[in-house]
Amino acid sequence: MQHFPIYLDLDARRVLLAGGGETALAKLRLILKTGAEVHVFAEAPKAELARLAGAGKLTLHRRRMDAADVPGAALVYAAEDDAALDAGTAALGRAAGVLVNTVDDLHGSDFITPAIVDRDPVTIAIGTEGAAPVLARMIKEDLEARLPSELGLMARVGKAFRGFAEKLPMGRARRDFWAEYYQDAGPRLAEGGAPALEAGLDRLLARHLSGTARAGHLDLAGVGPGDPELMTLAARRALDAADVVIHAPGTPAAILELARREAWQHEAADEEKALARAGKAVARGLQVVWLVPGSGEGALARRLRATGWPMRHIPGIATPIRAATPANAPASPTNRETAR
């Protein structure tokens with residue numbers, strides 16, 4: 001990963017853009033969605049830029065940017081469609097210690113602006129490090145079609161309710177509450193707008209406060225041949241919900257990365273110690289996932305069943321998928337393609 005993805009707070013901070021043409025306008029449409037104080041420098045700006053300035057959306061300077069303009073700015077964009085002019089703008093920004101983006105010039109930029117799916121305040125950024133912008137746009141189009149338009153409203157109402165949800169114990173109890181809101185109650189009530197969502201959250205919180213604490217549980221999940229794409233959906237869901245992840249030595253990092261960052265991970269190099277840790281976690285009401293190669297069936301599964309803990313076995317693929325192919329037949333798909 002060459003470019004580290006972050007979300008930068010631009011509220012009331014200055015963002016400078018050099019350029020007055022279509023390239024500058026395309027970049028501005030995104031920047032103006034933030035709370036930044038936008039300054040545009042252009043000797044011959046398009047009429048649309050003048051209109052935006054007249055509406056108070058930005059400050060238009062009908063001249064070129066100079067060194068005195070830059071100190072204290074959060075970002076500088078060079079968008080003049082002229083390599084020499086853009087290089088001059090970039091030099092001004094770097095001399096003042098400000099991050100610079102030269103539009104459509106990956107190597108001349110300190111940061112890149114990703115493709116964005118905007119369901120404010122839910123924002124999804126998609127980047128390919130400049131390698132495949134078309135692919136980023138394809139992913140963006142797919143997500144735009146999948147994500148409901150009410151998602152932003154659900155998130156805004158949920159954010160305002162966070163203080164009330166603090167009545168629930170920190171950790172699993174709160175995660176279960178918010179998971180039910182975003183996966184079930186929220187989507188059902190969103191058509192009724194904010195009042196329906198707020199009333200639904202009140203009812204949901206009352207039910208969670210009056211209910212009993214969720215019991216600890218262990219899932220023994222087989223990870224098949226070690227390819228994340230060949231894991232079962234049930235195993236991936238269990239891993240995503242786990243508080244504790246115990247895994248066999250040699251479990252691929254790509255599989256462990258599917259767990260929540262907050263989940264505690266332990267390599268079961270010593271099975272007895274791992275069993276003791278799992279037992280303590282289950283007794284505390286935590287959700288434990290134990291990852292093993294192949295199907296997961298065997299001596300460990302029998303030992304876990306004998307403990308009497310609440311548990312479930314999620315079988316994995318025992319061996320890679322293979323299909324017999326006659327010698328004169330066309331090549332068969334790969335195992336991954338077959339699984340898909």
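Now for a description of the structure that goes with this document. If you're wondering where the values come from, they're calculated on a predicted model, not measured in any experiment.

What follows is about the overall build of the protein. Helix and strand counts for the protein come out as twelve helices and twelve strands. Taken over C-alpha atoms, the radius of gyration comes to 27 Å for the protein, far larger than the 20 Å a tight globule of 340 residues would show. Dimensions of the protein, computed from C-alpha atoms along their principal axes, come out at roughly 80 × 65 × 40 Å. By residue count, 38% of the 340 residues in the protein fall in the buried class. A fraction of 57% describes how many contacts in the protein between residues 6 or more apart in sequence connect residues 24 or more apart. If you average the places of the 42 positive and of the 42 negative side-chain charges in the protein, the two averages end up 6 Å apart.

Before going further, it helps to examine the environment of Asp81. Position of Asp81 among the secondary structure elements: in the loop between β4 (75-78) and α3 (83-95). Setting aside residues no more than four positions away along its own chain, Asp81 makes contact with Thr23 and Asp86. A polar side-chain atom of Asp81 sits 2.8 Å from a polar atom in the side chain of Thr23.

Moving on to the pattern of salt bridges. What the rule picks out here adds up to 21 salt bridges. A salt bridge links Lys46 to Glu22; the shortest N-O distance between them is 3.7 Å. On the criterion of sequence distance, the pair formed by Lys46 in the loop between β2 (37-41) and α2 (47-54) and Glu22 in helix α1 (residues 22-31) is long-range, its members being 24 residues apart. Note on Lys46: relative accessible area 34%, which makes it partly exposed. Taking the relative accessible area as the measure of exposure, Glu22 reaches 48% and is therefore partly exposed. Within the structure, one salt-bridge network assembled from shared partners comprises Arg172, Arg175, Asp176, Asp243, Arg260 and Glu262.

Right, let's get into the sheet that holds strand β9 (residues 244-247). The parallel open sheet is built from five strands, whose spatial order is β10-β9-β11-β8-β12. Of all the strands in the sheet, the pair left with one neighbour each is β10 (264-267) and β12 (311-314). Each neighbouring strand pair of the sheet contributes to a mean axis angle of 15 degrees, computed without reference to strand direction. Two elements, strand β8 (residues 217-222) and strand β11 (residues 287-292), share six bridges in a ladder whose sense is parallel.

Let us look at the nonpolar core. In this structure, Leu17, Val40 and Leu58 are the most contacted members of the largest nonpolar core, which totals 20 residues. Among the elements that line this core, the one with the most residues is α1, at four residues. For Leu17, the residues in contact, after removing those within four places along its chain, are Ala24, Lys27, Leu28, Ile31, His39, Val40, Phe41, Met65, Tyr77 and Ala79. With 17 residues, the next largest nonpolar core counts Leu220, Ile246, Ala278 and Ala301 among its residues.

Together, Val134, Leu135, Met138 and Ile139 line one region of the surface with nonpolar side chains, adding up to about 360 Å² of accessible area. Note on placement: Met138 falls in helix α4 (residues 133-146). Judged by relative accessible area, Met138 falls into the exposed class, the value being 51%.

Turning to the packing of aromatic side chains, a few remarks are in order. One pass over the structure, following the stated rule, counts seven aromatic pairs. Seen from their ring centres, Tyr77 and Phe111 are 5.5 Å apart, and the 85 degrees between their planes marks the pair as edge-to-face. Here Phe111 lies in the loop between β5 (99-102) and β6 (115-119) and Tyr77 lies in strand β4, a separation of 34 residues in the sequence. There is no split in this pair, since Tyr77 and Phe111 are both buried. Aromatic side chains Tyr181 and Tyr182 sit 4.6 Å apart centroid to centroid with 65 degrees between the ring planes, which places their arrangement in the edge-to-face category. By relative accessible area, Tyr181 is classed as buried at 2%. Each residue in the set Phe161, Phe164, Phe177, Trp178, Tyr181 and Tyr182 is aromatic and connected to the rest through ring pairs, giving one cluster.

Between Asp120 and Pro121 the backbone carries a cis peptide bond, its omega angle lying at 10 degrees. Position of Pro121 relative to the elements: it lies in the loop between β6 and β7 (122-126). Positive phi outside glycine occurs at Asp104, with the angle close to 60 degrees. Position of Asp104 among the secondary structure elements: in the loop between β5 and β6. One non-glycine residue, Glu129, lies in positive phi territory at about 60 degrees. Mapped onto the elements, Glu129 comes out in the loop between β7 and α4. Note on Glu129: relative accessible area 26%, which makes it partly exposed.

Parameters and conventions
- Residues numbered from 1 in each chain as written.
- Predicted model: local features only at pLDDT ≥ 70, side-chain atom pairs only at ≥ 80, totals over all residues.
- Heavy atoms only, no water.
- Helix = DSSP H or I, 4+ residues; strand = E, 2+ residues; numbered from the N terminus.
- Rg over C-alpha atoms; globule rule 2.2 N^0.38 Å.
- Buried < 20%, exposed > 50% of the residue type's maximum accessible area, 1.4 Å probe, protein only.
- Contact = heavy atoms within 4.5 Å.
- Lys, Arg positive; Asp, Glu negative; His and termini not counted.
- Charge placed at Lys NZ, Arg CZ, Asp CG, Glu CD.
- Polar contact = N/O pair within 3.5 Å; in protein donor to acceptor, adjacent residues only side chain to side chain.
- Salt bridge = Lys/Arg side-chain N within 4 Å of Asp/Glu carboxyl O.
- Pairing = 2+ DSSP bridges.
- Axes fitted to C-alpha atoms, helices over the stretch in contact; angles between N-to-C directions.
- Core = buried A, V, L, I, M, F, W, Y, C linked by side-chain atoms within 4.5 Å.
- Patch = residues over 30% accessible without salt bridge, like charges linked within 9 Å, V, L, I, M, F, W, Y side chains within 5 Å.
- Areas by Shrake-Rupley, 256 points an atom, 1.4 Å probe, with all protein chains shown as cover.
- Phe/Tyr/Trp six-rings, centres within 6.5 Å; stacked < 30°, edge-to-face > 60°.

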